[in-house]
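What follows is each chain in one-letter form.
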Amino acid sequence: MWKKSVKFGIAALLITGVLAGCGKSDSTAEGNADNGEAKQESYSGTITLAGSTALQPLAEEAANEFMGKYPNVSITVQGGGSGTGVNQVAAGAVQIGNSDVPSAEKLEDKSKAGELIDHKVAGIAFAIVVNKDVNVDSLTLKQIQDIFSGKITNWKDVGGKDEKINVINRPASSGTRATFEKTVMKGVKINEAIGTVQDSNGAVEQAINSTPGSISYVAMSYLIGEKKDLKTLKIDGVEPTVENIKTEKYPFWSYEYMITKGEPKDAVRGFIEYVKSEEFAPKVKEMGYIPMSELE
Amino acid sequence: MKGKGQLNYWKSEYIGRALVTFCGLLIVITTLSIIVFICGKGIQSFTESGISLKEMLFSTEWKPSDSDPKYGAVIFIVGSTLVSIGAVLLSTPIALALAIFINFISPKFGSAVLKPVLELLVGIPSVVYGWLGVTILIPLLRESFGGVGFSLLAGIIVLSVMILPTITSIASDALSGVPFSYLEASYGLGSTRWQAISRVIVPAAKTGIFTGIVLGLARAFGEALAVQMVIGNAVKLPSGLYSPTATLTGILTMDMANTINGTAWNNALWTLAMILLFISFLFIFLIRMIGRKGER
């Protein structure tokens, strides 16, 4: 009995030691680094990801599949927002920070940004969405800019019926809004005095569905699945599809980033490569994101 | 024998005493560290990010994501103040009426039904209030007044339901604390029951009722989620009751996770948190003042 408990104690100590080691060095691969072939099959350790809620569903799916392939790897994916992702990875609290924007755009202290490495892992398309009662199917970039800057306030001015336009924005710090400002507004200021602000894709969906004449923007990955209720608009007559983004016809999209502190090693590197890989690409597409293999 | 007795005495006296002293110190230290931490972070806006205190407290321009960022907090301070005062104005008469009903009109029904119902009301999480607001109140407002429904008014209504139990229970305690002889004396002078209640009992319980109102106000000021869900979060001063605006707590919950530690934006948010803390100190101070006045 006594022996058993000592053995157990030693085992527990060893496990704790291994885990602690993982925490420090991001993760450990059991295989020798020089032995490339053995390394392929023997990722182990724990990886924690935190950050962007836009990337979270994809990261979770990738984590499940990666853990299925390498049972010795344990991956936890947390949300929290892009800012949290960059904060946590810069502080060393997580191995990978998920972000909608490159870390340098979020950080003011550029010396810190030097330590962080951004990995583009997927593309994400966004769509202009409107309430079902809006009988407009396509808007030009100029029209969208005029609507969100408050110059156009009635749907009849863009070919719809006589109805007030209710603008719904995301908060100023949102990654979706940052992309919207960069790729669609192109320097034209969003007018804060018109419309309302909703905190998340879900809240936007709820508000769009219930507010007549409303317009907003959401990630395409959010529109996949049962949430088909929202009406998406074409921009300049172009639909938000992978093909149109590849041929640069559709402007409203951005990369999603996984950020590491320093060059990623072992399991972390393996995981990021897996997310970008051809093998995982069909799943990426199925979930409404754009695989890196299609963008490069 | 004697030694054992002393040990027991020591145990019974000092262990318990040490434990409660420790808990007391712990809570003091925790509170102080929270205050020090928030103030330390909040001051960084002025010391490190170079935002002027004057701009923060007196400017209505909040444009943290602009190339020339502005950090004026007036909109949020005014928004929080209006929504809280509105909620108190709406809630207090009802709360007072309920308190009178419970104590004097029908104590049996009051204690058997009303009090448990109010306790239930306290137990409902704020996200549920917010959700009910979005799904029931917002469409109702939209159908009656047009527009989007997300507004200061919606925030006031949701908050007034949330603070009703707080004000009612404290006002009720205050009323029941009025000596029975007061009631007898006013009956003796030939007053009716209502005259006794409105001219004698309520004025006598004034201090307690005010304490309840200030506590309700404090609760309303600190409430984040439910208000954020219905108020529209437009970063502008409200043009009327039926206009969207933003609150201190709302902007904190929306932007905190998406900004990076150490940036001017993040520091400015900490300053908003500090302002919130000072306002709640003000409320506590008010309650103390009222209490002291009542003792005299």
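Residues numbered from 1 in each chain as written. Chains lettered and ligands numbered in written order. Predicted model: local features only at pLDDT ≥ 70, side-chain atom pairs only at ≥ 80, totals over all residues. Heavy atoms only, no water.

1. Regarding the UniProt feature "domain: ABC transmembrane type-1" (unreviewed entry) in chain B
- With numbering aligned to this structure, UniProt lists the feature "domain: ABC transmembrane type-1" (unreviewed entry) at residues 77-287 of chain B.
- Between the C-alpha atoms that bound residues 77-287 of chain B the distance is 21 Å, and the span itself is 79% helix and 0% strand. (UniProt positions renumbered as here; feature names shortened; annotations may be inferred. Helix = DSSP H or I, 4+ residues; strand = E, 2+ residues; numbered from the N terminus.)

2. Observations regarding the domain arrangement of chain B
Residues and elements named next belong to chain B.
- Along its sequence, chain B is carved into domain 1 (2-48) and domain 2 (62-293).
- The straight-line distance from the C-alpha centre of domain 1 to that of domain 2 is 32 Å.
- Listed by partner, the interface residues are ten residues for domain 1 and nine residues for domain 2.
- Between domain 1 and domain 2 the total buried area reaches about 870 Å² when both faces are included, carbon and sulfur atoms providing 74% of it.
- For the interface between domain 1 and domain 2, the tally reads zero salt bridges.
- Summed over the shared surface of domain 1 and domain 2, the result is four residue pairs in polar contact (both at pLDDT 80 or more).
- Here the residues of the side of domain 1 that touches domain 2 sort into six nonpolar, three polar and one charged. (Domains from an automatic or database assignment. Contact = heavy atoms within 4.5 Å. Buried area = accessible area lost by both parts, 1.4 Å probe. Salt bridge = Lys/Arg side-chain N within 4 Å of Asp/Glu carboxyl O. Polar contact = N/O pair within 3.5 Å; in protein donor to acceptor, adjacent residues only side chain to side chain. Nonpolar A, V, L, I, M, F, W, Y, C, P; charged D, E, K, R; others polar.)

3. A closer look at the pattern of salt bridges
Residue and element names in this part refer to chain A.
- Under the counting rule described, the total for this entry stands at 14 salt bridges over all chains.
- Where Asp 146 meets Lys 142, a salt bridge forms, and the shortest distance between an N and an O atom there is 3.1 Å. Placement of the pair is Asp 146 and Lys 142 together in helix H7 (residues 141-148), with a separation of four residues, close to one helical turn.
- Residue Asp 146 is classed as buried on the basis of its relative accessible area of 12%.
- When its relative accessible area of 48% is taken as the criterion, Lys 142 is described as partly exposed.
- We note a salt bridge from Glu 286 to Lys 283, for which the minimum N-O separation is 3.7 Å. Of this pair, Glu 286 and Lys 283 both sit in helix H13 (residues 281-286), three residues apart, which is roughly one turn of that helix.
- Residue classification places Glu 286 among the exposed positions, given a relative accessible area of 53%.
- Lys 283 sits in the partly exposed class, given a relative accessible area of 24%. (Buried < 20%, exposed > 50% of the residue type's maximum accessible area, 1.4 Å probe, protein only.)

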